[in-house]
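Below, each chain spelled out in residue letters.
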Amino acid sequence: MMVHVENFMVWTKVAEKGSIQIGKGEEFDVNGKKIAIFNKDGLHALDAMCAHQNNSIACGEIEGDIVECPYHSWHYNIKTGDLQDYLKGIKQQTYKVEVKDDGIYIDI
Ligand code: FES
């Protein structure tokens, strides 16, 4: 795994450029954490494990900015990580994403 430190950000390479289909998400294991990256109006990275029962939201359907957990349909905003239904104040951690010449990096 390639790591690049710059202005107190730690960029970790997670995927090759163009490897995440438009309109889809993919899950990556980054330093032992499951991270979902969605390719919808740019790339958006957030914790992949649903706050409900710890299943991955990475392969959920996306509509607008919202991904639906494939297990029991909780909804999250892919840009902010905010849960949209059921409970107030639940938020998946989000990570900055940058596409560099040699791949897709996140700040983690
Ligand atoms: S595990 Fe995501 S809604 Fe149940």
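Refer to the preceding data block for the structure.
Treat the numbers as computed from the prediction; the structure is a model and nothing was measured.

Chemist: Describe the overall build of the protein, listing the residues and the values that go with them.
Modeler: Along the backbone of the protein there are zero helices and eleven strands. In the protein, the order of α-helices and β-strands from amino to carboxyl end is β-β-β-β-β-β-β-β-β-β-β. The C-alpha radius of gyration of the protein comes to 13 Å, within 12% of the 13 Å expected for a compact globule of 108 residues. Along the three orthogonal principal directions, the C-alpha set of the protein runs to about 40 × 25 × 20 Å. Residue pairs at least 24 apart in sequence account for 37% of intrachain contacts in the protein once pairs closer than 6 positions are excluded.

Chemist: Describe in detail the environment of Ser-19, supporting the description with residues and values.
Modeler: Of note, Ser-19 is situated in the loop between strand E2 (9-15) and strand E3 (25-30). Judged by the 12 C-beta atoms lying within 10 Å of it, Ser-19 is exposed. The spatial distance from the C-alpha of Ser-19 to the C-alpha of Gly-103 is 9.1 Å, given a sequence separation of 84 residues.

Chemist: Summarise the nonpolar core; cite the residues concerned and give the values.
Modeler: Ile-35, Ala-36, Ile-37, Ala-45, Ile-57 and Ile-106 are the most contacted members of the largest nonpolar core, which totals 24 residues. Here this core takes four residues from strand E4 (residues 33-39), the largest share from any one element. Aside from chain neighbours lying at most four places away, what touches Ile-106 is Thr-12, Val-14, Val-30, Ile-35, Ala-45, Tyr-95, Lys-96 and Val-97.

Chemist: Outline the sheet that holds E4, listing residues and values.
Modeler: In spatial order, the strands read E3-E4-E5-E9; together these four strands make up an open sheet with antiparallel pairing. Either end of the sheet is taken by a strand with one partner, and the two such strands are E3 and strand E9 (94-95). In this structure, E4 lies alongside strand E5 (residues 43-47), joined through five bridges in antiparallel fashion. Opposite Ile-37, over in E5, you have Ala-45 as the bridge partner.

Chemist: Quick one: what's the story with the sheet that holds strand E6 (residues 61-63), residue by residue and with numbers?
Modeler: Strand order in this open sheet of three strands is E6-E7-E8, and the pairing throughout is antiparallel. Two strands lie at the open edges of the sheet, namely E6 and strand E8 (75-77), each paired on one side alone. Averaged over all neighbouring strand pairs, the angle between strand axes comes to 30°, with direction disregarded. Pairing between E6 and strand E7 (residues 66-68): three bridges, direction antiparallel. In the sheet register, Ile-62 faces E7, and the bridge partner there is Val-67.

Chemist: Pulling in residues and values, what's your account of unusual backbone geometry?
Modeler: Phi is positive for Asp-41, close to 50°, though the residue is something other than glycine. Its place among the elements puts Asp-41 in the loop between E4 and E5. According to the C-beta neighbour criterion, Asp-41 is partly exposed, with 13 such atoms within 10 Å.

The rules behind these values
Residues numbered from 1 in each chain as written. Predicted model: local features only at pLDDT ≥ 70, side-chain atom pairs only at ≥ 80, totals over all residues. Helix = DSSP H or I, 4+ residues; strand = E, 2+ residues; numbered from the N terminus. Rg over C-alpha atoms; globule rule 2.2 N^0.38 Å. Contact = placed C-beta atoms within 7 Å. Buried ≥ 20, exposed ≤ 12 C-beta atoms within 10 Å, placed from the backbone. Core = buried A, V, L, I, M, F, W, Y, C linked by C-beta atoms within 7 Å. Pairing = 2+ DSSP bridges. Axes fitted to C-alpha atoms, helices over the stretch in contact; angles between N-to-C directions.

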